[in-house]
Amino acid sequence: MAAELELVASLSRLQFATTAYFHFLFVPLTLGISLFIAILMTTYLITKKQIYREMARFWTKLFAINFAMGVATGITHEFEFGTNWAVYSRYVGDIFGAPLAIEALFAFFLESSFIGMLVFGWNRVNDVVMTLVAWAVAFGTNLSALWILVANGWMQHPAGGMLKVGTWVGGIRAELYDFSQVVFSPVADVKFMHTMTAGMIVAAMFVLGISAYHLLRKQHVDFFKRSALAAAIFGMIASVSEVVIGDIHAHEVAKTQPSKLAAMEAIVDSEHAAPILLAAWVTQNENGQYEYAFKLPLPIPGILSFLAYHSFGAEVPGMNDVQKYMEQNFQAAMQQNPQLADIIKNNVMLNGQWPSFIPPVNIVYWAFHIMVYLGFLFVFIFTVAFYYAKKGVLQDKSWILKVALYSIPLPYIASLLGWATAEVGRQPWVVYPLTEVKHDANGNIIWNELFQQIPALIKEGDKIIQTQIPGAFMGLTTYKAVTPTLTVLEVLITFLGFLVIFTVLAVLDWWLIAKYAKKGPEMTGEAKAQEAY
Amino acid sequence: MEALGYSPLWWDVLVPLWFVLVALVWVMYILTDGFDLGVGVLVPFMGKDDISRRIALNSVGPIWDGNEVWFITAGGAAYAAFPEIYAAIFGGLYLALMVILFALIFRAVGFEYRSKRPSPAWRSFWDWAISISSGIVALVLGVALGNIIVGLPFVKTTLVDPNSLKGFVYGVLDSNGQFHPYPAIIGFLQLLNPFFPNLAAGIFKLLVGITALLFVIMHGATWLMVKTLGEHFERSKGFVLKLWPITAILWVITTVWGFVSFGFTHTFHTNNPKVISETINIDFYHWGAVLDKVFTYHDNFLFQAPALVSIIGWILLGLGILGLLGVFFFARNGSAWGTFLSSSLAIIGILFAVSVALFPFTVPSIYGLENSMTVWNTAASENTLKVMTLAALIAVPIVLAYTAYIYKVFLFKLSPEQLKEAAEKGQFSY
């Protein structure tokens, strides 16, 4: 593989990460606050208290500014798979394209059509319709997330696909075998729950923080006391649920992506009754073996084994073993299916060598752990805020108000760290080979059966053979997925373009959000209607 | 392993069906986002005063976002139904697509930010940002259409280099049959090069781009007629009548030229049955090959005779011409809806006529039949197409229903008085 193409792949990764990160600076608030607004409108309809309608209008205004950037950064993604990852797209597009198209048809239309109405519809249609519109937007945004995460979940665990060899323009491609396995993949579904709840936490902290800003200044006290209470309830439910969902998610990762688990928990050597490491740093020695530079374990054995595999004694895979046994499993798959060996040589091997199957450990470990620590901090903040808000004294507790205000960025950071864990942790794969970690009765990992079987249609001469092959053949590494005709210059231009433009627009966006957030609710009140330009 | 078995009949019907559906989604995009792109271009020309420009912005304010989703859907539908086209086109025409994306980004935030500050400099900046970026989107899409009609330099790389590259790749095939991808930026400039692939085709594709741009602006002006009153209505009508002669002339030139030189008679002469079977239908099933030397067809296709396709094509072209004439006559009589619907009819007619003329090709190659993309050598599998068909059958009627409802809610006329009144009632406007 030419060095130039490796650079193109690296730049393309950087560009995709940049655009994805900018997108996800705006998406989680959309996910959560749309739901929050719909709940406020419903509360207004039930209680008939005008203040809930005012609250819904005020938060809608901030939501709309945020949404514009969500759309602007999102359009890019629908096309970046083709522009930068053409090999990936033609290899798995038959499966990966469907959830994206269905997302557009069922969800993106819904949210984008009704967001216009949510912004422009006030006092033009009645409040019952506006409530339904708010629910349509909330449903649309979250359904959108579901389909995107179905697509992403498939890259992590490509269930429901099959390989077709020798009958297509590109030689081989993955084709859809069972759509229900793609949609109801446990990996995808738990990812969706995790992301949706993260969005609720972002929105709750956003509302709580802005409410705190006004309460600290003793302005619009009634309005923001109610907002803060609503946000605290919303955030408490979300952050407590997130702890549980996060645990289920990690369990799915442990079952399907041993290399990611090893990096997330910095497990160097496979271990029974493994403890959790509160902090760690991993290096590689000259033989390429991983070892600890330093580690701080929680002195209770078996916690990690239990969290990962629901058994205190279970063996947890370490990086050195994952590398060794991945290589062995790939080698075995090639020997069993010599006519298909070229697929692995093309899609996995780099210059005839096995690549490292372990992602950049320290990035993944720390991204994951800081996210988890932040998650527990959110439970604390929302619980305290709820306690005081319920007692009606939140406006007097300036310390928690200050904490809430300065914590607005933290759920965003946690979300981004979560994506870093998921996507950096997926490396070197763009499509992870279909893997399942199994244990025997003694809790030992069955290392020589890492891969699940996938169906295949193979053309030999004039015959087409139906068979089962190991999931190894589904794997595609990121460096082999890049558009082969791209040049460094092209990607450099667009990468810098995205970086500069998104930075400027994001700063503008937040500046506008901050401006309207500080202005407070009269802007949308009937009394000051003339100010609405 | 039942699900692995292929029933060729289903695939044979679903592939052309998805060609029609993807074409339909693109037409819906040009139809709906077309007018808000046109309105976008016209924002600074609506008047020097803020209120006139706000009337233009608010005419599409609540709906442009939903309209733009057709673009996302078009990309998604192409990805799911024809993954090879998606990979080849967007990977090959990298910078062209990036230009469109950057323009769409500016437009989206422009709409939202523009009225958020009272400063005239701020507003003027965003007015021009919206105008220029809207124009760029229309122009680039038009040039892309022109390029597809004349054929693009795509090479089926498995023919030249079975090991390293896969599928259809954008680049040069030299006289020795060696493939070279275009160096950076040159590939993009080729799209705009009036001498490529030859002078006539080069000028044609640029003319298609200019025609598309002018038509989209005119389409936007017809929407402004629907949404405005008084002096702004007269101004919008003026745009339509001023743009009509030049747009109509270019429309006729490109249409006649296109259909005579590139359209109904794709002259890919080849007698090699292997090339034909690989291009027209994948080779593990084909039910015999009956091929017209001039117009190649899959033999089992429902519309066996090219004659029928020609008739459909001519009817569509006729509708296009009817729409084009309608724009002028309705505009002159001051009928806003007549003008807008005529303009829509013209878009539907011409774009579907082009699609019919292209079929079964999707992206013809200047390097001949064996390097061309057709529906058959780029389509998704039967399973995917079945899932997608089910999804489209359920989703599209729902989408159309609520889109119609939202349009109905926001179909009131805009004027300075109306905007003021709306603000007093606590209604939001840009």
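What you see is a predicted model; the values in this text were computed from it and never measured.

A count of helical and extended segments in chain B gives 15 helices and 5 strands. With 430 residues in all, chain B has 55% of them scored as buried.

Here the focus is the overall build of chain A. Check the secondary structure of chain A and you find 16 helices and 10 strands. Computed over its C-alpha atoms, the radius of gyration of chain A comes to 25 Å, within 12% of the 24 Å expected for a compact globule of 533 residues. The C-alpha extent of chain A, read off along each of the three principal axes, is 80 × 55 × 40 Å. A total of 533 residues make up chain A; the buried ones form 57% of that total. Considering only residue pairs separated by 6 or more positions, chain A has 78% of its internal contacts joining residues 24 or more positions apart.

Among soluble globular proteins, nonpolar side chains are generally buried collectively. Formed by 332 residues in total, the largest nonpolar core has its most connected members in A204 and A385 of chain A together with A81 of chain B. The greatest single-element share of this core, amounting to 23 residues, is contributed by helix α4 (residues 86-120) of chain A. Leaving out residues up to four positions away in the same chain, A385 of chain A has contacts with L208, A228, A232, L394, I400 and A404 of chain A.

This brings us to the interface of chain B and chain A. Note: interface size is frequently given as the accessible area lost on complex formation between the parts. Tallying the contact residues gives 75 residues for chain B and 74 residues for chain A. Mapped by element, the contributors of at least two residues to the side of chain B that touches chain A are α3 (64-81), α4 (83-92), α5 (94-113), β2 (168-173), α14 (382-409) and α15 (416-424) of chain B.

For the rest of this paragraph, the subject is the confidence of the model for chain B. Residues and elements named next belong to chain B. Per-residue confidence for chain B averages 82 on the pLDDT scale, and 85% of its residues sit at or above 70. Taken together, the stretch residues 1-6 has pLDDT below 50 and engages in 11 contacts with residues farther than four places along the chain or on a different chain. In this model residues 263-271 is a low-confidence stretch, pLDDT under 50, and it forms 18 contacts with partners more than four residues away in sequence or in other chains. Across the interfaces of the predicted complex, the ipTM metric reaches 0.86, alongside a pTM of 0.89.

Let us now look at the packing of helix α2 (residues 27-47) of chain A against helix α5 (residues 127-156) of chain A. Residues and elements named next belong to chain A. Put simply, α2 and α5 touch, their axes get as near as 8 Å, and they point 155 degrees apart. For the element pair α2 / α5, the angle class is roughly antiparallel. In terms of crossing hand, the pair formed by α2 and α5 is left-handed. For the pair formed by α2 and α5, the contact residues are T30, L31, S34, L35, I37, A38, M41, T42 and L45 on the first element and D127, V128, M130, T131, A134, W135, V137, A138, T141, N142 and A145 on the second.

This paragraph deals with the sheet that holds strand β3 (residues 179-181) of chain B. Residue and element names in this part refer to chain B. Here 3 strands make up an open sheet; going across it, the order is β1-β2-β3 and the pairing antiparallel. Whereas interior strands pair on both sides, the edge strands pair on one side only; in this sheet they are β1 (154-156) and β3. Neighbour to neighbour, the strand axes of the sheet diverge by 70 degrees on average, direction disregarded. Bridge analysis of β2 against β3 gives 3 bridges, and the strand direction is antiparallel. In the sheet register, L173 faces β3, and the bridge partner there is F179.

Moving on, we get to unusual backbone geometry. For the peptide bond that leads from Q427 of chain A to P428 of chain A, omega is 5 degrees, which places it in the cis range. By the element assignment, P428 of chain A lies in the loop between α15 (409-424) and β7 (429-431). Cis geometry marks the peptide bond from F196 of chain B to P197 of chain B, where omega comes out at -5 degrees. One non-glycine residue, N123 of chain A, lies in positive phi territory at about 65 degrees. Considering the arrangement of structural elements, one finds N123 of chain A in the loop between α4 and α5. Classification of N123 of chain A as partly exposed rests on a count of 17 C-beta atoms within 10 Å.

For I321 of chain B, the location among the structural elements is in helix α12 (residues 306-332). Each C-alpha atom of the pair I321 of chain B and D65 of chain B lies 30 Å from the other, and the pair is 256 residues apart in sequence.

A few words on the confidence of the model for chain A. Parts of the prediction with low pLDDT should not have their coordinates interpreted in detail. Counting all residues, the mean pLDDT for chain A is 88, and 97% of those residues have values of 70 or more. Here residues 523-533 of chain A is a poorly scored stretch, pLDDT under 50, and it has 22 contacts once near neighbours within four places are set aside; other chains count.

It is worth spelling out the environment of D127 of chain A at this point. Residue and element names in this part refer to chain A. Positionally, D127 belongs in helix α5. Considering only alpha carbons, one finds D127 and T42, 85 residues apart in sequence, at a separation of 9.6 Å. In contact with D127, other than residues within four places in its own chain, are L45 and R53.

On to the environment of Y113 of chain B, then. In this fold, Y113 of chain B is placed in helix α5. Separated by 10 residues in sequence, Y113 of chain B and R123 of chain B have C-alpha atoms that sit 8.6 Å apart. Aside from chain neighbours lying at most four places away, what touches Y113 of chain B is L508 and L512 of chain A together with W126 of chain B.

Looking now at the packing of helix α8 (residues 221-256) of chain A against helix α13 (residues 361-391) of chain A. All names here are of chain A. As a packed pair, α8 and α13 sit with axes 8 Å apart at the nearest point and diverge in direction by 150 degrees. With respect to α13, the element α8 is oriented roughly antiparallel. Crossing geometry of α8 relative to α13 is assigned as left-handed. Counted together, A228, L229, A232, I233, G235, M236, S239, V240, E242, V243 and G246 of α8 and G375, F378, V379, F382, T383, A385, F386 and A389 of α13 form the full contact between these two elements. In terms of residue class, the contact of α8 with α13 is built from 13 nonpolar, 5 polar and 1 charged.

Right, let's get into the pairing of strand β4 (residues 277-284) of chain A. Residue and element names in this part refer to chain A. Here 7 bridges tie β4 to strand β5 (residues 290-297), and the two strands are oriented antiparallel to one another. Residue pairing in the sheet places A280 in a bridge with K295 of β5. As consecutive antiparallel partners, β4 and β5 are separated by 5 residues, and within that stretch G288 has a phi angle of approximately 85 degrees, a positive value.

The subject of this paragraph is the pairing of strand β8 (residues 453-460) of chain A. In this sheet, strand β9 (residues 463-470) of chain A lies alongside β8 of chain A in antiparallel orientation, the contact comprising 8 bridges. From the neighbouring strand, E460 of chain A faces β9 of chain A, where its bridge partner is K463 of chain A.

Rules of the game
Residues numbered from 1 in each chain as written. Chains lettered and ligands numbered in written order. Predicted model: local features only at pLDDT ≥ 70, side-chain atom pairs only at ≥ 80, totals over all residues. Helix = DSSP H or I, 4+ residues; strand = E, 2+ residues; numbered from the N terminus. Buried ≥ 20, exposed ≤ 12 C-beta atoms within 10 Å, placed from the backbone. Rg over C-alpha atoms; globule rule 2.2 N^0.38 Å. Contact = placed C-beta atoms within 7 Å. Core = buried A, V, L, I, M, F, W, Y, C linked by C-beta atoms within 7 Å. pLDDT = per-residue confidence, 0-100. Axes fitted to C-alpha atoms, helices over the stretch in contact; angles between N-to-C directions. Parallel < 35°, antiparallel > 145°, perpendicular 65-115°, else oblique. Left-handed = near helix turned anticlockwise from the far one by under 90°. Pairing = 2+ DSSP bridges. Nonpolar A, V, L, I, M, F, W, Y, C, P; charged D, E, K, R; others polar.

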